[in-house]
Every structure is written in structure tokens, then in C-alpha cells.
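# Coordinate analysis (summary)
In case you want the letters, here they are:
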Amino acid sequence: MRFDGYDAIVVGTGFGSCACALALAEKGLRVLVLERGDWAKRDATDWDSHAILIEKRYRGMSPLLVKQYKDTHFKEMVENEVVGGMSVFYGGASLRLREADFDDWPIVYADLAPFYDMSEKLLEVHGVAGEDPFEPPGIGGYPFAPSDLTVPAQRIKLAGQKLGLKPFRIPMAINFSNAVRTLCIKCLTCDGFPCQIEAKNDLTQTLLKRAIEAGATLVAGVQVVRVKVDGHCVGSVVCVDRQSKKQFEIPAPRVVLGAGALQSPAILLRSELERVSPRDLIGRFLMRHCNAVVAGVFPFYTNPEKVFHKQVCFSDFYEDFRQKEGKAAGVIQDIYTPAPVVLRHFSPLGLKHVAAFAAQFMQNLLCIAEDDPQFDNVVRLSDAKDEHGVSRVQITHRYSRGDQARRDHLVNGAKRILQKAGAWVFHSYLINTFSHAVGTVRMGNDPQHSVVDSDCRFWGIDNLFVVDGSVFPTSGGVNPSLTIAANGLRVGANMAENF
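Residues numbered from 1 in each chain as written. Predicted model: local features only at pLDDT ≥ 70, side-chain atom pairs only at ≥ 80, totals over all residues. Heavy atoms only, no water.

## Structural notes on the overall build of the protein chain
Let me state the cut-off plainly: Secondary structure elements follow DSSP: runs of H or I of four or more residues count as helices, runs of E of two or more count as strands, with numbering from the N terminus. Accessible area is worked out with a 1.4 Å probe on protein chains only. A residue is then buried under 20% of its type maximum, exposed over 50%, and partly exposed in between. The contact definition used throughout considers only heavy atoms, calling two residues in contact when any of these lie within 4.5 Å. Where accessible areas are quoted, they stem from the Shrake-Rupley method and a 1.4 Å probe; at the residue level, only the protein chains shown are allowed to cover.
Of regular secondary structure, the protein chain possesses 11 helices and 18 strands. Along the first, second and third principal axes, the C-alpha atoms of the protein chain reach 65 × 50 × 50 Å. Here the protein chain holds 499 residues, and the buried ones make up 60% of them. Considering only contacts in the protein chain between residues 6 or more positions apart, those separated by 24 or more positions represent 73%. For the protein chain, the exposed area adds up to about 19,500 Å²; of that, 51% sits on carbon and sulfur atoms.

Dropping the structure here:
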């Protein structure tokens, strides 16, 4: 296959890269999209909890090296690698950042508003405008109405209302009503799993599919190692074919990095672009939200029908820290209970059988708290190489006291809701993944304090752009996916206009 003659090389198939690829392809540009993973299998094993969550069926070939919390040395953590990126495994929550969340950004909410509208249409988001008490302005409506609340979700909604809170239905990118495609059967294999019947509106069913239909070319199984820069321009991208393990180069009139907040800075560092970006900013200010799950144990079976219930969200606490700290506290939302086999595997010795038995009596709430952009939370390159000879990603991360205070504030709120719903016992546990990672290639108006400008162009390199969550200056208090998609559409539209 020939790899020349393209107008833009897009790296990765996450929300930002797919959105940008679509915006470029629809304007007639010749777009090549490169993805290191392969296509999801979409078979029965993709709904097997042991295969997906324990054995890690889609584990990548180059585990991250992570030092977090009180770790004294780096430990391996595997990432999933698949066409469609994290969208294949996410739970579909599609909330916008709020106006005040953009206070430290070089753009304002109004700059993204029309692209939020476009993203919600393209992702076929199901929701109701006006229910969220802290909803940003201008949401005229969602493309589809949400599905009816199931019994577990009704339980949480009613408990919140009894406490004087204003629960609302989560805007979801899941196909509950578009009969042209396979409809969701409301099972419990959404968060963390590929959808076997393709009813989740992940990127393979939406943005990426439309980009390919518009003329973009996707090549899977190819890892971008670095870019080659000549003066103020990228000339080519250096890649590895994952099967043959051979390196090759692709001419690159324009390069769009959308490999995620962990891998995009790694590509920039392998390209030695820290010599262009001052103050050692590439890879700095890593954020991932300060998340926790609160499990409530009830004196009855909480979900005997085993039905989907990630439907209810609370933003009542969102602004509680804004005046004091300029930060959002975040949101609380209903989330599924892991299967007994998963609880048994991850629980401490002595509690494995108890946890597995208790699963049928549990209902969980997820707390998503904004975290601080800290200079020392950083992505770096390890001296260790993977099997392709590529430097592995090394991460150092600690939460600040403010992060923990915002998280604990939400945890206390979640316990109150669960108690009002009938829970007797509570257990909280932290989320250690980097599924919400943002912030390592931050955008700004000053090259002394940012890596890319407000158009997400790398300072000092005319034809290099970054469109994933790494460009976020702050994390806000909601899932970043919809904002990443909206920003990718914005950047792609600007690139196409100035082509």
C-alpha cells in the first residue's frame, strides 16, 4: 500500500482524532488515519467479564510504567489498544463542560458551543435539555430522547429527590431508539466492554465511520513512533508496522496527533520537540479526575433483572468549590456493579468470597471530581523499550489535597443518596485508571506557558496539531469525551478553512 499523496496524517482513533479526520475529509482533504490497535472482535467473549476486565483481552504490547499514590517504584499498567480507542470501552456519558470550566482556557464556552451541537448529533446522544440544574446555556435539545428509567435508576432518582437534590438523566451516546441500527438491549456490559451488537455509539459506529465514508483511509496495526521536523515544519512521521516490526516513514504535509494524553506527549518527546517548547512543558500537568466509586450494600437484591441502569446523574455539588478554589467539585452518577468474578478477583484476601456474594445486594455511585493541573504530574519516556524497540511511557502522578477534598465531598454526597435509597453499609474505592487522562500538551495564548496555541497548533511548528484531551488546561468535572470531540471538530474546521 502506498502512503504518499495525503494532505493530512491523523494519529490515533480517539474522539479528537476521529472528529478532526471527519472535518477534514468532508472538506475534500485526503486524510490518512493511523491506529496502533486492531478492530474489536465483537463476539461473545467481548461480554465476558473475566476475559475483558481480568485477562485484558485487548491489552497493548507496551504496558505503561506508573508511579502513583504512595508507590516508591514504577509498576506496569496495561492499556487497551483497539480501533476507536477508549470510546469502545466507555459507558457513553456525554456531558458538556460548563462556562466557568473554561476560565483558564484560551477559548471560551461559546467557541465550542456549535461544535458541541454537532458532536451530540454525530454521536446520536440521547438526553433531555433543561433537567441538569447546572447545564450550560444554548442546548436546544438532543437528537434522541432517553430511554425510560429502569428500577435501580428510579431508586437512585427518588432518593436524591427526597434529599432535595435535582437528579437528571445522563445524556448518553448509546442507541436506544435509532431503528436503522441495532438497538441497545440494556444489558450490564457497557462500561469497560466493547459492544458485541454495536449498539453503543462508539467512534467505529459514528465519527470514524463517517470519516471513512467521506474518503478518509484507516490503517490499523501501525504505531507512530515520532515525527521528523525540518526547521519549522514536520516532514514525515516515523512508524512501526506491528506485525513485521519494521520501521518506515510517511510523508506528512500536516500531522494531527490524537493518540491521547499519554501517548501524544510521548510521540512529541521521542521527536525531541522539547528543544522547541520552552520550560520543559511537554508531558506536564497530567490530570485524570480524582474519581471514586461508592458501593452501598442493601438488605435486598438491587438488580435481580440484571438490567442497565447507568441513567441518573447529580450536578447539585458541581459549583461548591468554585468561589473558594476556582474549581468544579464534579458530578455523581449511577454506575453498574461489577460481576461477582471481578469483585472476587480484585478484592483483598479474606474478603473475596464475601465481596462476590455481596454483589447482588450492591448499587454503586461514581464520583467524578476535578483535579488540579500539577507540574510534577508528568509523562516521560522510560529507558526501557518495548518489543518494537520504542521507548515506553513512564507516568508519575499524585493527587493534591484539593483533589482529595473535592472527591471526598462528592463521596459524602453519594453516601447520603445511597443511604436514603436504603443502603446499610458503604465501601469506597479509588479508580486508578487513566481513562479520563487530559492535560499533558496544554493549550494557551502564550508559548512560554503552553505547548499548543488556541488552534491546537504546536508552537513553532507550522503543520503539527494536537487534538486529544492532552490540550486541556483544566479537567472540569465531567467525562471529557464530548469536549474532546467538539474541539476536534473545531480544529478540523479551522484547518480545512486555512488549507
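Still more to cover.
## Structural notes on the pairing of strand β9 (residues 247-251)
Rules: Paired strands, as defined in this entry, are two strands with at least two bridges between them according to DSSP.
Bridging between strand β8 (residues 233-241) and β9 involves five bridges; their strand directions are antiparallel. Residue pairing across strands places S236 opposite P251, the latter belonging to β9. Between the antiparallel neighbours β8 and β9 lie five residues, among them K245 with a positive phi of about 65°.

## As for the pairing of strand β7 (residues 222-230)
Strand residues, when the strand is regular, have side chains that alternate between the two faces of the sheet. Two strands pair when backbone bridges link them, and β7 and β8 are joined in this way by eight bridges, in the antiparallel orientation. Along β8, the bridge assignment pairs Q223 with V240. Once β7 ends, the chain turns through two residues before running back antiparallel as β8, passing G231 with a positive phi of about 70°.

## Things to note about the packing of helix α3 (residues 109-122) against helix α11 (residues 481-497)
How we decide: Helix axes are fitted only over the stretch in contact, all axes being lines through C-alpha atoms; the angle between N-to-C directions runs from 0 to 180 degrees. Roughly parallel means an angle under 35 degrees; roughly antiparallel, over 145; roughly perpendicular, 65 to 115; everything else is oblique. In this scheme, a crossing is called left-handed if the near helix is turned counterclockwise away from the far one by less than a right angle; it is called right-handed if the turn is clockwise. Gly is placed with the polar residues, together with every amino acid not listed as nonpolar (Ala, Val, Leu, Ile, Met, Phe, Trp, Tyr, Cys and Pro) or charged (Asp, Glu, Lys and Arg).
Between α3 and α11, the least distance of the axes is 8 Å, while the angle of their chain directions is 110°. Here α11 runs roughly perpendicular to α3, going by the angle between their axes. In the packing of α3 onto α11, the handedness of the crossing is right-handed. Along its contact with α3, which presents D111, L112, F115, Y116, M118, S119, E120 and L122, the element α11 presents L482, T483, A485, A486, N487, L489, R490 and A493. For the contact of α3 with α11, the class distribution of residues is 10 nonpolar, three polar and three charged.

## A short note on the packing of aromatic side chains
Given two aromatic rings, their pairing is described by the distance between the two centres and the angle made by the two planes. The condition is simple: Note on aromatic pairs: the rings of Phe, Tyr and Trp (six-membered ring only in Trp) are paired at centre separations within 6.5 Å, and the planes decide the class, stacked below 30 degrees, edge-to-face beyond 60, tilted for the rest. A ring is considered to have a charge above it if a Lys NZ or an Arg CZ atom is located within 6 Å of its centre and within 35 degrees of its normal.
As enumerated under the stated definition, the model contains 12 aromatic pairs in all. With a centroid separation of 6.0 Å and 55° between ring planes, the pair formed by Y69 and Y399 is classed as tilted. Residue Y69 is found in the loop between β3 (64-68) and β4 (75-77), and its partner Y399 is found in the loop between β16 (391-397) and α10 (401-421); the two are separated by 330 residues along the sequence. The class of Y69 is partly exposed, set by a relative accessible area of 27%. Its relative accessible area of 11% is what places Y399 among the buried residues. By way of ring pairs, the aromatic residues F102, W105, Y109, Y116 and F472 are connected into one cluster. For the cation-ring pair, R442 lies above F285, with the distance from its terminal atom to the ring centre recorded as 4.1 Å.

## Comments concerning unusual backbone geometry
The backbone phi angle of E272 is positive, close to 60°, even though this residue is not glycine. Mapped onto the elements of the fold, E272 is located in the loop between α6 (263-270) and β11 (290-297). The backbone of F285 sits at a positive phi, close to 65°, despite the residue not being glycine. If you trace the backbone, F285 turns up in the loop between α6 and β11.

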